[in-house]
Amino acid sequence: METLSVGMYVRTKNGMKIGKIAQIHKAVNHKSWYELKNGLRVYSYEKINEPSYNIIDILEVGDYVNGRLVYKNDEENYLYLIGFDADGNFYEDSLKEIKSIVTHEQMEQMAYKVEE
C-alpha cells in the first residue's frame, strides 16, 4: 500500500469510514491515526483499501453517489449511476460531480430488514 499523506482519499476495508485525510498524527506508541475532513478518525491498525488522490478510485459498485446507485465502473474508470428523476423517470448517467457518498457497507448496516 502507498504511504498515506494529507489530501489522499481513504476507505477502510469494512467500508464504514471514507474521506479525505486532513491531518496525520503519530501516537506515543508509534501508531498513527489519520483525521479525515469529515471528522472521522482512521487508526493505523484499521485495514485500508488502496488510497488515492482521486475520489473516484475508492468508489465501488453498489455505493450511492449523490443519492444514486453506482452500478458500473468501466475500464477507463468512468462510473455510471442509475436512479429516478423527480418525475419518476428512470435514467442512466455518467458521474460528473460528487457531492455525497454512502458506501454499500454503510447502506447494509442502516437497512431495516423486513421480517416475513
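Right above here is the structure, for reference.
None of these values were measured; they are calculated from a predicted model.

**Q** Can you lay out the overall build of the chain for me, pointing to particular residues and giving the numbers?
**A** Looking only at helices and strands, one finds one helix and nine strands in the chain. Each helix (α) and strand (β) of the chain, taken in turn from the N terminus, gives the series β-β-β-β-β-β-β-β-β-α. The proportion of buried residues among the 116 residues of the chain is 34%. If you take every contact in the chain between residues at least 6 apart in sequence, the share linking residues at least 24 apart comes to 44%. Carbon and sulfur atoms make up 50% of the accessible area of the chain, which amounts to about 7900 Å² in all.

**Q** For the nonpolar core, give the residues involved together with the corresponding values.
**A** Tyr-9, Ile-18, Ile-55, Ile-58, Leu-59, Val-65, Val-70, Leu-79 and Leu-81 together form the largest nonpolar core, which totals nine residues. In terms of nonpolar packing, the next biggest core, distinct from the first, is built from eight residues, Leu-4, Met-8, Ile-21 and Val-42 among them.

**Q** If you had to explain the side chain of Lys-17 to someone new, which residues and values would you point to?
**A** Tracing the chain through its elements places Lys-17 in the loop between strand S1 (9-11) and strand S2 (18-26). Reaching out from Lys-17, the side chain makes a polar contact with the side chain of Glu-46 at a distance of 3.2 Å. Look past the residues within four positions of Lys-17 in its chain and what remains in contact with it is Val-10, Arg-11, Thr-12, Leu-40, Arg-41, Val-42, Tyr-43 and Glu-46.

**Q** Please give an account of the packing of aromatic side chains that cites residues and values.
**A** All told, the structure shown has two aromatic pairs when counted by the stated rule. Judged by centre distance (6.4 Å) and plane angle (40°), the ring pair of Trp-33 and Tyr-43 falls under tilted. With a gap of 10 residues between them, Trp-33 in strand S3 (residues 32-36) and Tyr-43 in strand S4 (residues 41-43) connect regions that are remote in the sequence. A centroid spacing of 5.6 Å and a plane angle of 10° characterise the contact between Tyr-43 and Tyr-45, whose relative ring orientation is stacked. Its relative accessible area of 58% is what places Tyr-45 among the exposed residues. Here the aromatic cluster, defined as three or more aromatic residues joined through ring pairs, consists of Trp-33, Tyr-43 and Tyr-45.

**Q** So, unusual backbone geometry: which residues are in play, and what are the values?
**A** Backbone geometry follows two general trends: most residues other than glycine have a negative phi, and most peptide bonds adopt the trans configuration. Of note, the phi angle at Asn-66 is positive, near 55°, even though the residue is not glycine. Mapped onto the fold, Asn-66 is located in the loop between strand S5 (64-65) and strand S6 (68-73). Relative accessible area serves as the criterion here: at 26%, Asn-66 is assigned to the partly exposed category.

**Q** Could you give me a rundown of the pattern of salt bridges, with the residues and numbers involved?
**A** Taken as a whole and judged by the stated rule, the model has four salt bridges. For Arg-11, the salt bridge identified is with Glu-60, shortest N-O distance 3.5 Å. Separated by 49 residues along the polypeptide, Arg-11 in strand S1 and Glu-60 in the loop between S4 and S5 bring together distant segments of the chain. For Arg-11, a relative accessible area of 1% puts it in the buried group.

**Q** Describe the pairing of S3, and please don't skip the residues or the numbers.
**A** Looking along a regular strand, one sees side chains alternate from face to face of the sheet. In terms of burial, S3 is a largely internal element, four of the five residues being buried. In terms of strand pairing, S2 meets S3 through five bridges, oriented antiparallel. When the bridges of S3 are listed, Ile-24 appears paired with Tyr-34.

Reading guide: rules and limits
- Residues numbered from 1 in each chain as written.
- Predicted model: local features only at pLDDT ≥ 70, side-chain atom pairs only at ≥ 80, totals over all residues.
- Heavy atoms only, no water.
- Helix = DSSP H or I, 4+ residues; strand = E, 2+ residues; numbered from the N terminus.
- Buried < 20%, exposed > 50% of the residue type's maximum accessible area, 1.4 Å probe, protein only.
- Contact = heavy atoms within 4.5 Å.
- Areas by Shrake-Rupley, 256 points an atom, 1.4 Å probe, with all protein chains shown as cover.
- Core = buried A, V, L, I, M, F, W, Y, C linked by side-chain atoms within 4.5 Å.
- Polar contact = N/O pair within 3.5 Å; in protein donor to acceptor, adjacent residues only side chain to side chain.
- Phe/Tyr/Trp six-rings, centres within 6.5 Å; stacked < 30°, edge-to-face > 60°.
- Salt bridge = Lys/Arg side-chain N within 4 Å of Asp/Glu carboxyl O.
- Pairing = 2+ DSSP bridges.

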